[in-house]
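Summary of structural features
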Amino acid sequence: MSRQIPDSQVIRLLDLVPYLILNQGVALEQIARDFQITKSDVIDDLNTLWMCGLPGYTPLELIDLSFDTGFVSIRNAEVLSNPRKLTSIEMGAIIIGLCILRDSFSAVDSQVQGLENLIDRLSKKSNVKAPAILSTVVTAELRSAVNTAIATKKDLKISYHSFSRDEVSSREITPFTIVHDGTFEYLESFCQLAQDFRSFRLDRILSAVLIEKTDSQAPGNEPKEDSRVDVQIRITSNSRKVVETFHLNNAGEIHQGDVFNSSVYNPEWIIRTICSLKSWAEVVQPPELRSQVGMRAQRALDMYV
Amino acid sequence: MSRKSERLVNLVIALLATKRYITKSEIFRTIEGYEGSNESMERMFERDKDELRALGIEIEVSGLDPLFDDEVGYRILAENFEMDRKGYSANEIAYMSLAAQLWKDASLSDVSQKALRKLSAVSGPADIAEIPAFAPVILTAPLFLREIIDGITDRRVVEFKYLDSEMKTNLRKVHVYSYFSLRGFWYFSGLDVDKSENRTFRCDRVVGELAIAKKANSYEIPADYEPNTTFSDISVSSQAVLRVRVGRGSQLRSLASTIESGEEFDVVQIAYSSEEEMISLILWHLDDVCVIRPETLKNSVVQALKKLVKAHV
């Protein structure tokens, strides 16, 4: 089963014609960039198109191209002048993208209704469904503060809920982009507190205020000390949850009693994670961490006496 | 390679330009590139036709027409081939381009690259000034999202191996009705054919490839279908009352229906449907949380903690 339609020359040629008609006089280099191919591929494509046209194939019927100056113009290609229809997966990619755009504007923005209509029309026409939900739980104020900070290159003062430590901290950050993993959005930033790049989950930022740029040190290039801890964990029950928590890829081959290695940056995370998995997994190594888990669980148990 | 592309493009132009169906013999006679014996031209044409169809180009075939003896005719309908460019404003096209660009360097980037290419031939640069400054976003989605979308669009059956909670994999055959993304995961839902029940599947629990059937239109999507995106059975919702240390447990607090402030601990009430998940969440918070009631929840937490202590001595 083929996973994707190959970028065949035929498809490229069919897409090239309407593009050239709209962009008369476009430079060869620009075509190479727009189609993500090399300049010699572009020339090869144009030489092929040169021989195409309506049956008869006299100069009257052939597509008329000129590109010897390095700039391309096209005539006599009316039959192919319209861009091809989007395929269902291309439409799917656009519809999902539009849903993300719609959700990224605050509800009051005038664009939201327009995008909603567009998504609806595209979906009805192409039969490609929009996702039933793309959940985001970010307030309009936060959204607007973050977008403004990125667009105007300002810093933000945020209060952030750190999940593994279950703490709310205040930080000054220089945000530069938002990354979306399908549902959660992460604000990629330089954090003044950590003096390093950090990504913050947007829905865990409790508040954000624009501030003038602090006189920050340019991010240094010196390597950070590697603070990873190697942990050995034994699976004590056939549980999908353990596999998913530790992102073990070979799910089909993992069985009760198996021991695997995991590298973690944050011992606190591993302690809490092991506890939240009830008794489906236990820490084998290192011994300090193992006894930490026991100790912390005991302390929680003491709450009930 | 170029010769073949040339022949295929010529075939597309001829089939698109014709107002009536044209026959194979007309194609062989008039279209540049068909050469050799009749038999080799036939083979060439069959391959070309399959290739164009594989590229997503629909070729219409006429029924047997007495006028053509028993020869079938072919053509490409413009409305099946071309984008309906008049239906969209310049700004809408700009939004569509922007939407396609979100996939840069991500799972559907090759697909959206092709979409962008087509969109860039619809109109010149739109009035970008009207499109507000927007922070760049990069999207990711499961690799087989395209099969899911194709499955729904063409109503083709999908088959895959799915990991259950006891780590066993089993083969599922599904009529996909809907897809969505929630709390960090992509899901699809629809009719599980063997179980004859509607089910929801999490994409990362699919083991290996997801196969899509060739046959289209093999099922209907119920018009009133709504995926269950809450995963909760409202009828079994229970209430937990917890003591939560002041300044801790933001996650629990965000789920709370009521919070009563106290000195060292607040009393927090939370509705939940899955006891498993509630136990996990309470255990995660260790000694910052203590269950007051219900008794069953409290006992489960205490049991789990005892086991943890025992396993880690």
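Everything numeric in this text was worked out from a predicted model, so none of it was measured.

So, how was this worked out
Residues numbered from 1 in each chain as written. Chains lettered and ligands numbered in written order. Predicted model: local features only at pLDDT ≥ 70, side-chain atom pairs only at ≥ 80, totals over all residues. Heavy atoms only, no water. Core = buried A, V, L, I, M, F, W, Y, C linked by side-chain atoms within 4.5 Å. Buried < 20%, exposed > 50% of the residue type's maximum accessible area, 1.4 Å probe, protein only. Helix = DSSP H or I, 4+ residues; strand = E, 2+ residues; numbered from the N terminus. Contact = heavy atoms within 4.5 Å. Phe/Tyr/Trp six-rings, centres within 6.5 Å; stacked < 30°, edge-to-face > 60°. Lys NZ or Arg CZ within 6 Å of the ring centre and 35° of its normal. pLDDT = per-residue confidence, 0-100. Axes fitted to C-alpha atoms, helices over the stretch in contact; angles between N-to-C directions. Parallel < 35°, antiparallel > 145°, perpendicular 65-115°, else oblique. Left-handed = near helix turned anticlockwise from the far one by under 90°. Nonpolar A, V, L, I, M, F, W, Y, C, P; charged D, E, K, R; others polar. Polar contact = N/O pair within 3.5 Å; in protein donor to acceptor, adjacent residues only side chain to side chain. Pairing = 2+ DSSP bridges. Buried area = accessible area lost by both parts, 1.4 Å probe. Salt bridge = Lys/Arg side-chain N within 4 Å of Asp/Glu carboxyl O.

Regarding the nonpolar core
Membership of the largest hydrophobic core comes to 56 residues, with the highest contact counts inside it found for Ile 94 and Leu 98 of chain A together with Phe 188 of chain B. Ranked by residues supplied to this core, first place goes to helix H4 (residues 88-104) of chain A with ten residues. When near neighbours in sequence (up to four residues on either side) are disregarded, Phe 188 of chain B contacts Phe 144, Ile 148, Phe 160, Val 176, Ser 178, Tyr 179, Arg 199, Thr 200, Phe 201, Cys 203, Val 206 and Leu 210 of chain B. With 51 residues, the next largest nonpolar core counts Leu 49 of chain A together with Leu 8, Phe 28 and Phe 81 of chain B among its residues.

With respect to the packing of aromatic side chains
Residues and elements named next belong to chain B. This model, assessed by the stated rule, comprises 15 aromatic pairs over all chains. An angle of 65° between the planes, with centres 6.4 Å apart, marks the rings of Tyr 34 and Phe 45 as edge-to-face. Of this pair, Tyr 34 sits in the loop between helix H2 (24-30) and helix H3 (38-54) while Phe 45 sits in helix H3; the two residues are eleven residues apart in sequence, bridging distant segments of the chain. Exposure class is identical for Tyr 34 and Phe 45. Each is buried. Between Phe 160 and Phe 201, the ring centres sit 5.2 Å apart and the planes meet at 80°, which makes this aromatic pair edge-to-face. Of this pair, Phe 160 sits in strand S5 (residues 158-163) while Phe 201 sits in strand S8 (residues 197-202), and the two are 41 residues apart along the sequence. Each residue in the set Phe 28, Tyr 34, Phe 45 and Tyr 74 is aromatic and connected to the rest through ring pairs, giving one cluster. One cation-aromatic arrangement involves Arg 7 over Tyr 34; the distance from NZ or CZ to the ring centre is 5.5 Å. The lysine or arginine in question, Arg 243, covers the ring of Phe 265, its NZ or CZ lying 4.7 Å from the ring centre.

Thoughts on the confidence of the model for chain A
All names here are of chain A. Per-chain confidence: chain A averages 80 in pLDDT, with 85% of residues scoring 70 or above. Residue range residues 1-6 is modelled with pLDDT below 50. Its contacts to residues more than four positions away, or to other chains, number 16 contacts. The low-confidence segment residues 217-224, where pLDDT is below 50, has seven contacts with residues more than four positions distant or belonging to other chains.

Thoughts on the environment of Ile 178 of chain A
Residue and element names in this part refer to chain A. Inspection of the secondary structure puts Ile 178 in strand S5 (residues 167-180). A relative accessible area of 2% places Ile 178 in the buried class. C-alpha separation for the pair Ile 178 and Glu 188, spaced ten residues apart in sequence, amounts to 6.0 Å.

Thoughts on the packing of helix H8 (residues 267-276) of chain A against helix H9 (residues 287-302) of chain A
Residue and element names in this part refer to chain A. Relative to each other, H8 and H9 sit at 55°, their axes nearing to 10 Å. As judged from the angle between their axes, H8 and H9 are oblique. In this structure, H8 meets H9 at a crossing whose hand is right-handed. Every residue of H9 that contacts H8 at Pro 267, Glu 268, Ile 270, Ile 271, Arg 272, Ile 274 and Cys 275 is listed here: Leu 289, Gln 292, Val 293 and Arg 296. Along the lines of polarity and charge, the residues of the contact of H8 with H9 split into seven nonpolar, one polar and three charged.

Focus: the side chain of Arg 253 of chain B
Residues and elements named next belong to chain B. For Arg 253, the location among the structural elements is in helix H8 (residues 250-255). A distance of 2.9 Å separates the side chain of Arg 253 from the backbone oxygen of Arg 245, its partner in a polar contact. A polar contact of 2.6 Å, which involves the side chain of Arg 253, links it to the backbone oxygen of Arg 248. When residues no more than four places from it in sequence are discounted, the contact partners of Arg 253 are Val 244, Arg 245, Val 246, Gly 247, Arg 248, Ile 259 and Asp 266.

Details of the sheet that holds strand S6 (residues 169-182) of chain B
For sheets, the rule is that strands pair by backbone hydrogen bonds, running either parallel or antiparallel. Residues and elements named next belong to chain B. Ordered by their spatial adjacency, five strands build an open sheet running S8-S7-S6-S5-S9, and the pairing between neighbours is antiparallel. At either margin of the open sheet sits one strand with a lone partner, and together these are S8 and strand S9 (206-212). Strand-to-strand twist of the sheet, defined as the mean angle between neighbouring strand axes without regard to direction, takes the value 45°. Both strand S7 (residues 185-192) and S8 contribute to a ladder of six bridges, which runs antiparallel. When the sheet's bridge partners are listed, Leu 191 is paired in S8 with Asn 198.

Overview of unusual backbone geometry
Looking along the chain, the bond that leaves Gln 285 of chain A and enters Pro 286 of chain A is cis, with omega of -10°. Relative to the elements of secondary structure, Pro 286 of chain A occurs in the loop between strand S11 (281-285) and H9. At the junction of Arg 293 of chain B and Pro 294 of chain B, the peptide bond is cis and its omega measures out at 5° in the coordinates. The topology assignment puts Pro 294 of chain B in the loop between strand S13 (289-293) and helix H10 (295-311).

A few points about the interface of chain A and chain B
If you look at the interface, chain A gives 121 residues, while chain B gives 129 residues. Between chain A and chain B, a total of about 11100 Å² is buried, with carbon and sulfur atoms accounting for 63% of that surface. The interface formed by chain A and chain B holds seven salt bridges in total. With twelve residues, the top contributor of residues to the side of chain A that touches chain B is H4 of chain A. Across the side of chain A that touches chain B, the residue classes break down as 62 nonpolar, 34 polar and 25 charged.

A short note on the sheet that holds strand S10 (residues 238-245) of chain B
Residue and element names in this part refer to chain B. On the basis of which strands lie adjacent, the open sheet formed by four strands has the order S11-S12-S10-S13 and antiparallel pairing. Strand pairing shows two members of the sheet lacking a second neighbour, strand S11 (256-260) and S13, which therefore form its edges. Neighbour to neighbour, the strand axes of the sheet diverge by 25° on average, direction disregarded. Judged from the four bridges that link them, S11 and strand S12 (residues 265-272) form a sheet pairing that is antiparallel. What sits directly across from Ala 256, in S12, is Ile 270.

Here's the deal with the pattern of salt bridges
Scanning the entire structure with this criterion turns up 35 salt bridges over all chains. In this structure, the salt-bridge partner of Asp 45 of chain A is Arg 12 of chain A, at a minimum N-O distance of 2.8 Å. Within this pair, whereas Asp 45 of chain A is found in helix H3 (residues 39-49), its partner Arg 12 of chain A is found in helix H1 (residues 9-22), the two being separated by 33 residues in sequence. Its relative accessible area of 1% is what places Asp 45 of chain A among the buried residues. Accessibility expressed as a relative area gives 10% for Arg 12 of chain A, which makes it buried. In this structure, Asp 288 of chain B and Arg 272 of chain A form a salt bridge, with 3.8 Å as the shortest nitrogen-oxygen distance.

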